[in-house]
Amino acid sequence: MSSPSAVRRPPYADSVLITGASGLLGRALVAEFAAAGFSVLAQYRRHAGEDGERVRWLRGDFASARGTAGFLRRHRQALVSCRHVVHNYGPIEERPTAGLTGAQLASAFQAHVLPALDITRFLLARAPLRSVLFIAFEDTGVMRPFLKVLPYAVAKNGLLLVGLSLAAAHPGVRVNVFSPPTLAGAAIRHPRVRPAAPEEVAARIRRIVQGRASGRHYRWAAPRHRDRQGDRHG
Ligand SMILES: NC(=O)c1ccc[n+]([C@@H]2O[C@H](COP(=O)([O-])OP(=O)(O)OC[C@H]3O[C@@H](n4cnc5c(N)ncnc54)[C@H](OP(=O)(O)O)[C@@H]3O)[C@@H](O)[C@H]2O)c1
């Protein structure tokens, strides 16, 4: 892992919006991007951090399309300077597949895909956007049964398709998807996989944002359980 001091700093304060910035990975992302010289717009819902020279906290609730629209409206002035966005917000919830309802599936889709798409569209239309990164999870793109986190998996796979499709539709903007591993300190984690430190994962994400590629799905590691049922979160 390269230390923040070893990274190539942008010549000016490149502005990045990080959603879910007050969470486990979000806080590591805020520290990583601020240390690399970015000007960070950090979205939170309840747990704001402290504003600083390079970090500004923006409150937003993405539970409904109205909430996302309100976030975009209230913070419009700050957001229109954004050159990068990391769609890190993406709640996980366990729901046994055997009793799953359509409403629960739709609700996961609302939580993950709609805010990411609406925020991206807003920035594409108004900001000097250079890159968009969607955060998925380790089994994104893996076709297997899910017994506990099917809504989450469906939504994250939706994000993968949205990311790859936006990359093709907007050749002037780099759009990628990154699938992180289980994080050390996460509430829901794979029982047999060594979790990765959020700081290491954040450094990898910063390198992707500063890279040149578009239309890629980056993984932390190859999925381990392609052929088995009920693994990871099940
Ligand atoms: N944790 C893992 O092991 C793991 C593994 C693979 C992929 N991922 C993915 O990595 C990303 C980060 O995960 P994480 O574990 O760091 O997340 P987390 O700790 O659960 O963070 C949740 C974040 O989302 C915000 N939030 C919650 N409800 C919200 C709402 N209704 N509207 C707007 N913001 C809301 C929280 O804000 P407040 O705290 O201020 O309320 C917080 O900033 C997610 O996309 C996740 O799916 C995580």
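Residues numbered from 1 in each chain as written. Predicted model: local features only at pLDDT ≥ 70, side-chain atom pairs only at ≥ 80, totals over all residues.

A. View of helix α6 (residues 198-209). Across its 12 residues, α6 extends 16 Å between first and last C-alpha, which sits within 8% of the 16 Å expected from 1.5 Å per residue. All of the buried residues in α6 are Pro198, Val201, Ala202, Ala203, Ile205, Arg206 and Val209. Of the surrounding secondary structure, the elements contacted by the buried residues of α6 are β1 (15-18), α1 (24-35), β4 (84-87), β5 (131-135) and β6 (174-179). (Helix = DSSP H or I, 4+ residues; strand = E, 2+ residues; numbered from the N terminus. Expected span 1.5 Å × (residues − 1). Buried ≥ 20, exposed ≤ 12 C-beta atoms within 10 Å, placed from the backbone. Contact = placed C-beta atoms within 7 Å.)

B. Fine view of helix α5 (residues 150-169). With 20 residues, α5 extends 28 Å between its outermost C-alpha atoms, agreeing within 8% with the 28 Å of an ideal straight helix rising 1.5 Å per residue. For α5, the set of buried residues is Leu150, Pro151, Tyr152, Ala153, Ala155, Lys156, Gly158, Leu159, Val162, Gly163 and Leu166. Elements in contact with the buried residues of α5: α4 (102-126), β5 and β6.

C. Examining the site of the ligand more closely. Near the ligand you find 28 residues, and of these Gly23, Leu24, Arg45, Gly90 and Ala186 are the closest. Per-element tally for the shell around the ligand: the top contributor is α1, with three residues. Tallied by class, residues from the shell around the ligand come to 14 nonpolar, nine polar and five charged. (Near = placed C-beta within 6 Å. Nonpolar A, V, L, I, M, F, W, Y, C, P; charged D, E, K, R; others polar.)

D. Layout of the environment of His112. Along the chain, His112 turns up in helix α4. The sequence separation of His112 and Ala136 amounts to 24 residues, and the corresponding C-alpha distance is 9.5 Å. For His112, the contacting residues outside a window of four places in its chain are Gly90, Ala155, Lys156, Gly158 and Leu159.

E. Fine view of the pairing of β4. Along β4, one buried face is formed by His84 and Val86 and the opposite face, lined by Val85 and His87, is buried too. Strand direction decides the pairing type here: β1 and β4, joined by three bridges, are parallel. From the neighbouring strand, Val16 faces β4, where its bridge partner is His84. As defined by bridge partners, β4 adjoins β5 across four bridges and the pair is classed as parallel. Directly across from Val85, in β5, lies its bridge partner Val132. (Pairing = 2+ DSSP bridges.)

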